[in-house]
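# Descriptive analysis of the structure
If you want the building blocks of each chain, they are given just below.
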Amino acid sequence: MIELKKSYSPEDIEDKWYVVWEKGGHFKPDPNAAGEPFCIVIPPPNVTGSLHMGHALNAAIQDILSRWKRMSGYKVLWLPGTDHAGIATQNVVERELAKEGIDRHKLGRDAFIEKVWKWKAEYGGRIIHQLKKLGSSCDWSRERFTLDEGLSKAVREVFVRLFEEGLIYRDNRLINWCPRCHTALSDLEVEYEEIEGKLYHMKYPLKDGSGYITVATTRPETMLGDTAVAVHPEDDRYKNLIGKALSLPLTGREIPVIADDAVDPAFGTGAVKVTPAHDFNDEAIGKRHNLRSVGVISEDGRMSADAGERYSGLDRYRCRKKIIDDLNERGLMEGDEKHKHSVGHCYRCKTIIEPLLTIQWYVKIEPLASEAVKAVQDKRIRLIPDSWENNYFAWMRDIKDWCISRQIWWGHRIPVWYCPDCKGENGTPPQGELIEHIFLQPVRLNDGREITGGVYSELRTAGLSHEDIIGNSKIIRIAKRVKPICLRDDLKECPECGSKNIIRDPDVLDTWFSSALWPFSTLGWPAEGSDDLKTFYPTSVLVTGFDILFFWVARMIMMGLKFMDEVPFRDVYIHALVRDSRGQKMSKSKGNVIDPLLMIDKYGADAFRFTLAAFAAQGRDVRFSEERVEGYRHFINKLWNATKFIVSQGRQPSAVNIQPSTLPERWILSRLAFAADEVNRNLENYRFNDAANCIYHFVWHEFCDWYIEFTKPVLYHGDDKEKAEVIDCLFFVLEKTIRILHPFIPHVTEELWSSVFGHDESIMISQYPSELPKYPDAEEKMDYIINAVTGIRSIRGELNIAPSLEIKADIKTLSEDVEDILKGNLTAIMKLTRCKDINIGAGVKRLKGSAVSVEDKMEIYVPIEGLLDVKAEIERLRKEESKINDGVAMLNKKLSNEDFLKNAPKAIVEKERAKYDDLAHKKEKIEENIKILNAVMNSA
RNA sequence: GGGCGAUUAGCUCAGUGGGAGAGCGCUUCCUUCACACGGAAGAGGUCGCAGGUUCAAUCCCUGCAUCGCCUACCA
């Protein structure tokens, strides 16, 4: 016989099992094996990240699904991996280098990338292996990284095909630029935040000296790039000024007053300065009126040369101050007012975004989005909970073209080359004249001149070699007119003119571009004949948080449909965000972050996982509290101790299928069958909290509280045959229970499976219980026993009868069946109520000095003459009575309502009537007893 | 500005057109040979507010309030 420790301690068992599982190869499916496939690809976390609560919840759910499906006979693949997180990773490594005083540009592109790979090898991807602590049954042999060779091939294939179809293009337009990360961002990568700012009123004099217009702006510094002032065409204050010229202060430039409907006459002064180069609205106005764009802020957030000598080189916010001062000095500053507005910030570094006019690569999204909308409309993809569908549709309708180029080095480099030596179209000068280089530092020419960059052709003429130019370039601006050559294989020489001086596009792709391909690129696409792809695509379910629904999920759907002609997954289960116990978002700055690894250390991975599952209600955020983890550790301890009790009976678990004839055994088997069904059903519907609560309730309140207690009289006093039957049943239920529990709490169940039941094979490949036999009659009968026990206990509890005091009870039964049932389980009832004698039968009379409890088909009397506090008992019964009275009154009203009898379904009327009869009977009995007690009291 | 969601026991949250639920906490009792990480018995709620639909509303509809989240070209 094995010995279990007095209480459950996760640290003793959790670590060893992961190794065993991995060695056993159970995480690794054979695509050609029998069985239905079930596949989940993990939402790849940032390679820079470390495990936080959100990942833990995400992984716990995926592991529960994976283990459940695996035990249900599916060949399960849960595919792990990370994404290269372009901007984030580059930032991390740049910071590391900065500590050593190294700038990436000095290092050079190739050397820098090498450093990042080195960093990745050392620190990267730690997060994914932290998932092992949780017990995640990922197939590590298939782990992927978005910059892997295979995935890079997929990225290139997709880019080239989209380019060839005209769905990828370059354009010169205003984009969101992060001056710190030094790159363009997509619309989604900008986070808007309310800021308490100021609205400045500035006077712009009319050219003819006849007065001025006051404009209102939150960004005075951009006035240097103003190319118009706009007013509403119907605004009487300004109508007569439309078309007139203004003299732009501090620059003397002449700008027109224009009329545009977009201007809100009620806002500010009703006159808007228009800076097409630094504001999205103004860009639109500029387009409508053919205005010039004057860019006055450059890539690093400082004022450019076009801002004029006085301001050039100043940081944009320093410049703002200076402009305000300068306008004040000239009497052109009318004042300012407080103004709340939302300002875009970089989602990676929180720097305020600067709209900049640049050339970028875009994906034409509309044709892809319309297919992606259809897939959800047709239910080829289900979003769960479906309340997200509206959000999804709304976003897809308004979607704008996706800016995919990033001005960083870590990522998939855009597979496009340009030839500076080729002639332009129609014999125009070589394209080299349209390519501008900005050097990292001044370069000395042969003639002694120092230059900081220039146009490619000129630099060549000045004597620099192609390699010199490229090697020294910090920024390369390639005009839109330069012809891109987009290829699957790297270009060595120009296919047109044969020149070997080829310039590769310096940009890399948005990380989300590669993660959009994740469901098929990880399975082997575009390689031919991949078994994994054939077997596991489309994947079964995607489990993710709503925060990346648009970033990632929508784009995967678009790309999956486009390149696989099939949805990437059938179901999308969208889980909640994990917040702290007060509902606050966890963040480092708030200091309310709970470290999942700490929770695992403290309470064990199983308790932690169970907590996450129990919290994971659909459509609501998870408010995490450590207390709950503690509570679920208690639950596992309960399971542990129940097992210990069963084991201590000294009998080996039997392998046979049991078919008991006794009531409690039939009852617990039926309850087990019910619990198994419920858990299966809830998991089927992604109702993890319901599944967890259901099995929790079964284990604690049915198996432990009732069944085990019920077996004790037999175990302690029964004969060998009776004992054997009961122990077999205990083991049987326990064995099925730990299987049901395994997906939630894999470690402890494996431990018990192996140590108690002596199985050699892992529990994770045992069969998941379902469709076990049910015994409705047993459930009905047990209810009478439970009622009898509860009734007597209530009397004991409420009348404060000492538990040590052995009492007698009389139960008057109102049906023969009930009498038989109670008599047949008399020993157990006596044990559970600590009664020394119970008298059961139709003719049982109430003895003097009895407390009473009226139950379904029985009246329970506990004669405690002498000990009975008559007053207390009357009190107790009155309380009971008043409760019943409420019900009786309500039902009475209902049943005397003719409309109810006429309109309500028959079944409901019947039910209500039965209910009424029950309550009325109970009420009558209780009143009877109150009368008797009153008589006793009065006679005393 | 638009949209979505929430509002149920002290706390955290399930739930349903027909008898208000769970976990934790609380109160009382119990260290009875699985477990004090335990057992037994209890207390506790106009189901945010106001209307409407219905025989019947915590549930459906409308409005309001409060709180979240998403979204937007508030210069």
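What you are looking at is a predicted structure, and each value in this text was computed from that prediction instead of being measured.

The next point concerns the protein's contact with RNA strand B. Neighbouring RNA strand B are 58 residues, the closest being Phe 267, Asn 281, Arg 620, Trp 700 and Tyr 716. Taken together, the sugar and phosphate atoms account for 64% of what RNA strand B places within 4 Å of the protein. At a separation of 3.4 Å, a phosphate oxygen of RNA strand B approaches a polar side-chain atom of Lys 400. At 2.8 Å from a sugar or linking oxygen of RNA strand B is found a side-chain nitrogen or oxygen belonging to His 634.

As a further point, take the nonpolar core. Judged by nonpolar contacts, the single largest core of 230 residues is most densely connected at Phe 513 and Phe 744. Examining the composition of this core, we find that 14 residues originate from one element, helix α22 (residues 688-717), more than from any other. Residues contacting Phe 744, with those up to four places away along its chain left out, are Ile 64, Asp 606, Arg 609, Phe 610, Ala 613, Val 679, Leu 683, Phe 688, Ala 691, Ala 692 and Tyr 768. Within the second largest apolar cluster, 30 residues are counted, among which are Met 202, Leu 206, Leu 246 and Ile 323.

Ring pairs (aromatic) are described by centroid distance and by the angle formed between their planes. Applying the stated rule across the entire model yields 36 aromatic pairs. A centroid spacing of 5.0 Å and a plane angle of 20 degrees characterise the contact between Trp 388 and Phe 546, whose relative ring orientation is stacked. Of the two residues, Trp 388 sits in helix α11 (residues 388-397) while Phe 546 sits in the loop between β25 (539-545) and α17 (549-564), which places them 158 residues apart along the sequence. A connected cluster of aromatic rings, assembled from ring pairs, spans Phe 610, Tyr 632, Phe 635, Tyr 696, Trp 700 and Phe 744.

Low-pLDDT stretches of the model should not have their predicted coordinates read in fine detail. In the predicted model, chain A carries a mean pLDDT of 89, and the fraction of residues at 70 or more is 99%. Among the scores for the predicted complex, ipTM is 0.94 and pTM is 0.91.

Further remarks concern the sheet that holds strand β13 (residues 333-346). Read from one edge to the other, the open sheet built from three strands follows the order β8-β7-β13, with strand pairing classed as antiparallel. Of all strands in the sheet, those with a lone pairing partner are β8 (212-217) and β13, marking the two edges. For this sheet, the mean inter-axis angle between neighbouring strands, taken without regard to orientation, is 20 degrees.

A few words on unusual backbone geometry. Residue Trp 525 is joined to Pro 526 through a cis peptide bond whose omega torsion reads 5 degrees. Within the secondary structure layout, Pro 526 lies in the loop between α15 (518-521) and α16 (531-536). With omega at -5 degrees, the peptide bond leading from Tyr 537 into Pro 538 counts as cis. By the element assignment, Pro 538 lies in the loop between α16 and β25. We note that Ala 85 has phi near 45 degrees; this positive angle belongs to a residue other than glycine. Within the secondary structure, Ala 85 is located in the loop between β3 (81-82) and α3 (86-99). Within the chain, Asn 290 stands out as a residue other than glycine whose phi angle is a positive 55 degrees. With respect to the secondary-structure elements, Asn 290 resides in the loop between α8 (280-289) and α9 (316-329). The class of Asn 290 is exposed, set by a relative accessible area of 71%.

Take a negative patch on the surface next. Together, Glu 780, Asp 783, Glu 816, Asp 817, Asp 820, Asp 856, Asp 917 and Asp 918 make up a region of like negative charge exposed at the surface. Within the residue set of the negative patch, elements represented by two or more residues are α25 (776-798), α26 (816-824) and α30 (906-939). The element best represented in the negative patch is α26, accounting for three residues. By relative accessible area, which is 44% here, Asp 917 ends up partly exposed.

This brings us to the packing of helix α21 (residues 663-684) against helix α23 (residues 720-741). At a closest axis distance of 11 Å, the pairing of α21 and α23 adopts a crossing angle of 5 degrees. The orientation of α21 relative to α23 falls into the category roughly parallel. Residues Glu 665, Ile 668, Leu 669, Leu 672, Ala 676 and Val 679 of α21 form the contact with α23, whose own contacting residues are Val 726, Cys 729, Phe 732, Val 733, Lys 736, Thr 737 and Ile 740. Of the residues contributing to the contact of α21 with α23, the split by class is 10 nonpolar, one polar and two charged.

Relative to the assigned elements, Arg 310 resides in the loop between α8 and α9. As for Arg 310 and Lys 322, which are separated by 12 residues in sequence, their C-alpha atoms are 9.6 Å apart. In this structure, Arg 310 is in contact with Lys 322 and Asp 326, ignoring residues within four places of it in sequence. Only 2.7 Å separates the side chain of Arg 310 from the side chain of Asp 326, close enough to count as a polar contact.

Next up on the list: helix α1 (residues 10-24). Helix length check: α1, at 15 residues, gives a terminal C-alpha distance of 21 Å against a target of 21 Å (1.5 Å per residue), a fit within 8%. Within the sequence span of α1, burial applies to Pro 10, Ile 13, Glu 14, Trp 17, Tyr 18 and Trp 21. Of the residues trailing α1, Gly 25 is marked for its positive phi of about 75 degrees.

Read from one edge to the other, the open sheet built from three strands follows the order β22-β18-β23, with strand pairing classed as antiparallel. Since the sheet does not close on itself, it has two edges, and those belong to β22 (485-486) and β23 (503-504), each with one partner. Strand direction decides the pairing type here: strand β18 (residues 416-418) and β22, joined by two bridges, are antiparallel. Counterpart to Val 416 in the pairing with β22 is Cys 486.

Take the state of the cysteines next. Considering all chains together, one arrives at zero disulfides under this definition. Here Cys 419 stays free of any disulfide, with the sulfur of Cys 497 as its closest cysteine sulfur at 3.5 Å. A relative accessible area of 1% places Cys 419 in the buried class. As a non-bridged cysteine, Cys 729 has Cys 704 as the owner of its nearest cysteine sulfur, 13 Å distant.

Bringing the packing of helix α20 (residues 626-647) against helix α24 (residues 746-755) into the picture now. Taken N-terminus to C-terminus, the directions of α20 and α24 make an angle of 5 degrees; their axes are 11 Å apart at the nearest point. In terms of orientation, α20 and α24 fall into the roughly parallel class. Residues Ile 636, Leu 639, Trp 640 and Thr 643 of α20 lie in contact with α24, whose contacting residues are Val 748, Glu 751 and Leu 752. Residue composition of the contact of α20 with α24, grouped by class: five nonpolar, one polar and one charged.

Taking 1.5 Å per residue as the helical rise, helix α7 (residues 149-164) with its 16 residues ought to reach 22 Å, and the 22 Å between its terminal C-alpha atoms agrees with that figure. All of the buried residues in α7 are Leu 151, Ala 154, Val 155, Arg 156, Glu 157, Val 158, Phe 159, Val 160 and Leu 162.

This paragraph deals with the environment of Glu 626. Inspection of the secondary structure puts Glu 626 in helix α20. Accessibility expressed as a relative area gives 27% for Glu 626, which makes it partly exposed. Counting along the chain gives 46 residues from Glu 626 to Asp 580, while the straight-line C-alpha distance between them is 9.5 Å. Excluding residues within four positions of it along the chain, Glu 626 makes contact with Met 599, Lys 602 and Tyr 603.

This part takes up the pattern of salt bridges. For side chains bearing opposite charge, pairing can occur when the charged atoms are close. Per the stated rule, a full pass over the model turns up 65 salt bridges. A salt bridge links Asp 260 to Arg 288, with the nearest nitrogen and oxygen atoms 3.0 Å apart. A residue pair is termed long-range when its members are at least 10 positions apart, and Asp 260 in the loop between β11 (253-259) and β12 (271-274) and Arg 288 in helix α8 qualify at 28 residues. Owing to a relative accessible area of 4%, Asp 260 belongs among the buried residues under this scheme. Across the pair Glu 735 and Arg 739 runs a salt bridge, and its minimum N-O distance is 3.0 Å. Taken together, the residues span about one helical turn, with Glu 735 and Arg 739 both in helix α23 at a distance of four residues. Accessibility expressed as a relative area gives 11% for Glu 735, which makes it buried. Residue Arg 739 is classed as buried on the basis of its relative accessible area, which comes to 13%. Each of the salt bridges in this network shares a partner with another, and the network as a whole consists of Arg 219, Glu 221, Arg 316, Arg 320 and Glu 354.

The rules behind these values
- Residues numbered from 1 in each chain as written.
- Chains lettered and ligands numbered in written order.
- Predicted model: local features only at pLDDT ≥ 70, side-chain atom pairs only at ≥ 80, totals over all residues.
- Heavy atoms only, no water.
- Near = heavy atom within 4 Å.
- Polar contact = N/O pair within 3.5 Å; in protein donor to acceptor, adjacent residues only side chain to side chain.
- Core = buried A, V, L, I, M, F, W, Y, C linked by side-chain atoms within 4.5 Å.
- Buried < 20%, exposed > 50% of the residue type's maximum accessible area, 1.4 Å probe, protein only.
- Helix = DSSP H or I, 4+ residues; strand = E, 2+ residues; numbered from the N terminus.
- Contact = heavy atoms within 4.5 Å.
- Phe/Tyr/Trp six-rings, centres within 6.5 Å; stacked < 30°, edge-to-face > 60°.
- pLDDT = per-residue confidence, 0-100.
- Pairing = 2+ DSSP bridges.
- Axes fitted to C-alpha atoms, helices over the stretch in contact; angles between N-to-C directions.
- Patch = residues over 30% accessible without salt bridge, like charges linked within 9 Å, V, L, I, M, F, W, Y side chains within 5 Å.
- Areas by Shrake-Rupley, 256 points an atom, 1.4 Å probe, with all protein chains shown as cover.
- Salt bridge = Lys/Arg side-chain N within 4 Å of Asp/Glu carboxyl O.
- Lys, Arg positive; Asp, Glu negative; His and termini not counted.
- Charge placed at Lys NZ, Arg CZ, Asp CG, Glu CD.
- Parallel < 35°, antiparallel > 145°, perpendicular 65-115°, else oblique.
- Nonpolar A, V, L, I, M, F, W, Y, C, P; charged D, E, K, R; others polar.
- Expected span 1.5 Å × (residues − 1).
- Disulfide = S-S within 2.5 Å.

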